[in-house]
Amino acid sequence: METSENLNRKKDLILGFERIFASQIGGAALERPVVSFWMVLIPILFLYFIYRMQKYKRGRVKFNEDFMITRNRAMDLSVEAIQNGLKPDINHVVGKSNLPDELAKPYGLWVRALVEYYTDLLAANGDRFETLVRAAYRNRTNFLLVLNRLSGAEKEFYSALKPQLAETEGAAAIIATIEEKARQLRRELAERIFP
């Protein structure tokens, strides 16, 4: 039986990795302001740059927090299921999301993929995220299959979400960037963990 302390330690390792992942995705999805030559010549432009940089930093923090909501819920569900020896109640998490009906099913599939991924990692032995992955999946092929399933579930949810955001300027481009960056980072992760 898994001790609560050991389970929480692994939970922290996994969520720590997910926060780094969120930050990398946010860095790709949100446009960082750049200093221009004109700011040196016209100081008022530099003040505008400072304002935009502060807005960007707040946006990154908010993006990271929002990006982690579903992941935190899925992790809590995984931990609870392991501790109580029960099947994860995906519908409970879907219900907490207050999403429109047309998004509930793809969201539930995404949550299920996350819960399965987290449960595999929580059941593995290791003292770092990478060792948990190695213990859970044994080789790059197995890990890539799981990452592809996770990416597919996210893509299905984002596809269902796009019509809801049709009126939001730039939403489709941001979603495309998130999907592409996530795919790239996951492939790099698999190559790094299983060289």
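Everything below is about the structure printed above this text.
Residues numbered from 1 in each chain as written. Predicted model: local features only at pLDDT ≥ 70, side-chain atom pairs only at ≥ 80, totals over all residues. Heavy atoms only, no water.

On to the overall build of the protein. Summing up its helical and strand segments, the protein has 8 helices and 0 strands in all. Tracing the protein from N to C terminus, the helices and strands come up as α-α-α-α-α-α-α-α. Once the C-alpha set of the protein is aligned to its principal axes, its extents read approximately 65 × 40 × 30 Å. Put simply, the protein has 195 residues, and 39% of those count as buried. Here the contacts in the protein between residues at least 6 apart in sequence split such that 74% fall between residues at least 24 apart. By element, 55% of the accessible surface of the protein is carried by carbon and sulfur atoms, the whole surface being about 11,500 Å². Taking the average location of the 29 positive side-chain charges in the protein and that of its 24 negative ones, the two points are 4 Å from each other. (Helix = DSSP H or I, 4+ residues; strand = E, 2+ residues; numbered from the N terminus. Buried < 20%, exposed > 50% of the residue type's maximum accessible area, 1.4 Å probe, protein only. Contact = heavy atoms within 4.5 Å. Areas by Shrake-Rupley, 256 points an atom, 1.4 Å probe, with all protein chains shown as cover. Lys, Arg positive; Asp, Glu negative; His and termini not counted. Charge placed at Lys NZ, Arg CZ, Asp CG, Glu CD.)

Here the focus is the nonpolar core. Y117, F129 and F143 are the most contacted members of the largest nonpolar core, which totals 51 residues. Mapped by element, the contributors of at least two residues to this core are helix 1 (4-29), helix 3 (43-84), helix 4 (90-96), helix 5 (101-123), helix 6 (129-137), helix 7 (140-161) and helix 8 (171-193). Top element by residues in this core is helix 5. It accounts for 11 residues. In this structure Y117 touches E18, F129, Y137, F143, V146, L147 and L150, once residues within four positions along its chain are discounted. (Core = buried A, V, L, I, M, F, W, Y, C linked by side-chain atoms within 4.5 Å.)

Inspection of the entire model under this criterion finds 1 cavity of 30 Å³ or more. Taken as a whole, the largest cavity holds about 40 Å³ of empty space. A113, E116, Y117, D120, V146, R149 and L150 are the residues that line the largest cavity. The element best represented in the lining of the largest cavity is helix 5, accounting for 4 residues. A breakdown of the residues in the lining of the largest cavity according to their chemical character gives 4 nonpolar, no polar and 3 charged. (1 Å grid on protein atoms, 1.4 Å probe; cavity = no way out; pocket = protein on both sides within 12 Å on 5 of 7 lines; lining within 4 Å. Points joined across faces, edges and corners; volume = space filled by probe spheres on them. Nonpolar A, V, L, I, M, F, W, Y, C, P; charged D, E, K, R; others polar.)

End to end, helix 3 covers 61 Å across 42 residues, agreeing with the expected 62 Å (1.5 Å per residue, within 8%). At I69, helix 3 shows its largest bend, some 35°. Count one or two residues on from helix 3 and you reach G85, which has phi positive near 65°. (Expected span 1.5 Å × (residues − 1). Bend = angle between axes of the 7 residues up to and from the residue.)

With that out of the way, let us pick up the pattern of salt bridges. Tallying each qualifying case throughout the model produces 8 salt bridges. We note a salt bridge from K11 to D76, for which the minimum N-O separation is 3.1 Å. You can see K11 sitting in helix 1 and its partner D76 sitting in helix 3, a full 65 residues away along the chain. Relative accessible area serves as the criterion here: at 40%, D76 is assigned to the partly exposed category. Through salt bridges that share partners, R71, E154 and R186 make up one connected network. (Salt bridge = Lys/Arg side-chain N within 4 Å of Asp/Glu carboxyl O.)

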